Amino acid sequence: MSPPKKDRIYADKLVEVHGFEFNEEVADVFPDMIRRSVPGYEVLGTLLQIIARRFVSEGTHVYDLGCSLGTASLGIAEALYPERVKIFAVDNSPVMIQRLAGKLESLNRDFRISPVCCDVSEISIENASLVILNYTLQFIDPVKRDALLMKIYSGMTQGSAMLLSEKIMHEQVDEESFMQDLHDRYKLAQGYSDLEISQKREALENVMVRDTDTHHLERLRRAGFSRIYVLMKHLNFISYIAIK
Ligand SMILES: C[S@@+](CC[C@H](N)C(=O)[O-])C[C@H]1O[C@@H](n2cnc3c(N)ncnc32)[C@H](O)[C@@H]1O
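Reference entry: report on the structure contained in this document. (Residues numbered from 1 in each chain as written. Predicted model: local features only at pLDDT ≥ 70, side-chain atom pairs only at ≥ 80, totals over all residues.)

**Regarding the overall build of the protein**
Each helix and strand counted, the protein has eight helices and seven strands in total. For the protein, the proportion of its 244 residues judged to be buried stands at 33%. Long-range pairs, those at least 24 residues apart, make up 79% of the contacts in the protein with a sequence separation of at least 6. (Helix = DSSP H or I, 4+ residues; strand = E, 2+ residues; numbered from the N terminus. Buried ≥ 20, exposed ≤ 12 C-beta atoms within 10 Å, placed from the backbone. Contact = placed C-beta atoms within 7 Å.)

Printed below as a string of structure tokens:
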């Protein structure tokens, strides 16, 4: 297998920085981009497999909402194989879903993953033992976030789990700038330049809208979840597990 293509999207000075989109250019480099940008991304993949084995039972559904190239779905399918569990991998980026469908066709495994190209607001959630929302909610219109979590909660079986991962905004200005600075340094250590970091930040402005930890916890409680635990936190990236 060839190594993932290196993310150089913001390496050269751009005349104009456009708003970030999950288009073909991003899909081409996405595995490298997310691995070098999100501290803990690989650990989360391992935890997901452990959580899937703990929560998913035969005959139920798994939803990977904002699945991109389907890394989480593929990891979960691998962890559960050959159990008969249906995984819905949902994303509104046609190119991401096409790439995932192509990958599934090229595999020799009968993974029961259905790639679905639609907005998360359009998918109905039923009989779910596990729902994954990894770094997706932050790209959804803030006024639609409550409704999405309520829909997810009502489609989950009793005792099932939802995994929510996000880049958060810290409430204290000092903590926020400290964590941002460390994250910039993390990206420098991953080989990104100052120019790449600043142009990507500009592209994400107004596209990725972060919530605070308090805001997330309040929304999860409003949706109905009573057991909410922090699974991991690296700098300003947090993962919660919420159990119904
Ligand atoms: C940062 S990526 C998610 C990464 C992925 N979950 C993973 O762990 O590899 C966010 C994804 O959410 C998708 N997305 C954003 N808004 C969406 C929406 N309203 N409905 C469906 N997908 C959406 C984007 O197309 C993108 O692929």
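**Brief notes about the nonpolar core**
Ranked by internal contacts, the top residues of the largest apolar core, which has 48 residues, are Tyr63, Leu130, Val131, Ile132 and Met162. With residues near it in sequence (within four places) discarded, Leu130 still touches Ile51, Ala52, Phe55, Val56, Val62, Ser160 and Ala161. (Core = buried A, V, L, I, M, F, W, Y, C linked by C-beta atoms within 7 Å.)

**Quick notes on the site of the ligand**
In the vicinity of the ligand there are 19 residues, among which Phe22, Gly66, Asn92, Ser93 and Asn134 approach most closely. Within the residue set of the shell around the ligand, elements represented by two or more residues are α3 (71-80) and β2 (86-91). Here the residues of the shell around the ligand sort into 10 nonpolar, seven polar and two charged. (Near = placed C-beta within 6 Å. Nonpolar A, V, L, I, M, F, W, Y, C, P; charged D, E, K, R; others polar.)

**Structural notes on the packing of helix α2 (residues 41-55) against α3**
Packing of α2 against α3 leaves a shortest axis separation of 9 Å and a crossing angle of 45°. As far as their axial angle goes, α3 and α2 are oblique. With respect to the hand of their crossing, α2 and α3 are arranged in right-handed fashion. When α2 is examined against α3, the residues Gly45, Leu48, Gln49, Ala52 and Arg53 are found in contact with a partner set consisting of Thr71, Ala72, Gly75, Ile76, Ala79 and Leu80. Considered class by class, the residues forming the contact of α2 with α3 number six nonpolar, four polar and one charged. (Axes fitted to C-alpha atoms, helices over the stretch in contact; angles between N-to-C directions. Parallel < 35°, antiparallel > 145°, perpendicular 65-115°, else oblique. Left-handed = near helix turned anticlockwise from the far one by under 90°.)

**Topic: the packing of helix α5 (residues 142-154) against helix α8 (residues 213-223)**
Contact pair α5 / α8: the axes reach a minimum separation of 8 Å and the direction vectors enclose 45°. Taken together, α5 and α8 sit at an angle that is classed as oblique. Relative to α8, the crossing made by α5 is right-handed. Two secondary-structure elements touch here, α5 through Arg145, Asp146, Leu149, Met150 and Tyr153 and α8 through Arg219, Leu220, Arg222 and Ala223. Each residue belonging to the contact of α5 with α8 can be placed in one class, and the counts come to five nonpolar, no polar and four charged.

**Re the environment of Phe55**
With respect to the element layout, Phe55 can be found in helix α2. A count of 20 C-beta atoms within 10 Å places Phe55 in the buried class. Not counting residues up to four positions away in its chain, the partners in contact with Phe55 are Ser129, Leu130, Ser160 and Ala161.

**Some words on the pairing of strand β1 (residues 61-65)**
Summarising burial for β1: five of the five residues are buried, a large majority. Covered by surrounding structure in β1 are His61, Tyr63 and Leu65 together with Val62 and Asp64, the residues of both alternating faces. Judged from the five bridges that link them, β1 and β2 form a sheet pairing that is parallel. The partner of Leu65 across the bridge, within β2, is Val90. Regarding topology, α3 serves as the crossover connection from β1 to the parallel β2, and that connection is right-handed. Strand direction decides the pairing type here: β1 and strand β4 (residues 128-134), joined by four bridges, are parallel. (Pairing = 2+ DSSP bridges. Right-handed = clockwise from strand over helix to strand, strands pointing away.)

**Some points on α3**
Every α-helix winds through 3.6 residues per turn, so residues three or four apart in the chain are directed the same way. A large share of α3 lies buried, amounting to seven of its 10 residues. Within α3, burial applies to Thr71, Ala72, Ser73, Leu74, Ile76, Ala77 and Leu80. Buried residues in α3 make contact with α2, β1, β2, β3 (113-117) and β4.

**Observations regarding the sheet that holds β1**
Judged by pairing direction, the sheet is mixed, and its seven strands sit side by side in the order β3-β2-β1-β4-β5-β7-β6 without closing on themselves. Both outer strands of the open sheet, β3 and β6 (227-234), are each paired with one neighbouring strand and no more. Between one strand axis and the next, the sheet turns by 15° as a mean value, whatever way the strands run. As paired elements, β6 and strand β7 (residues 237-243) share seven bridges and run antiparallel to each other. Counterpart to Met232 in the pairing with β7 is Ser239.

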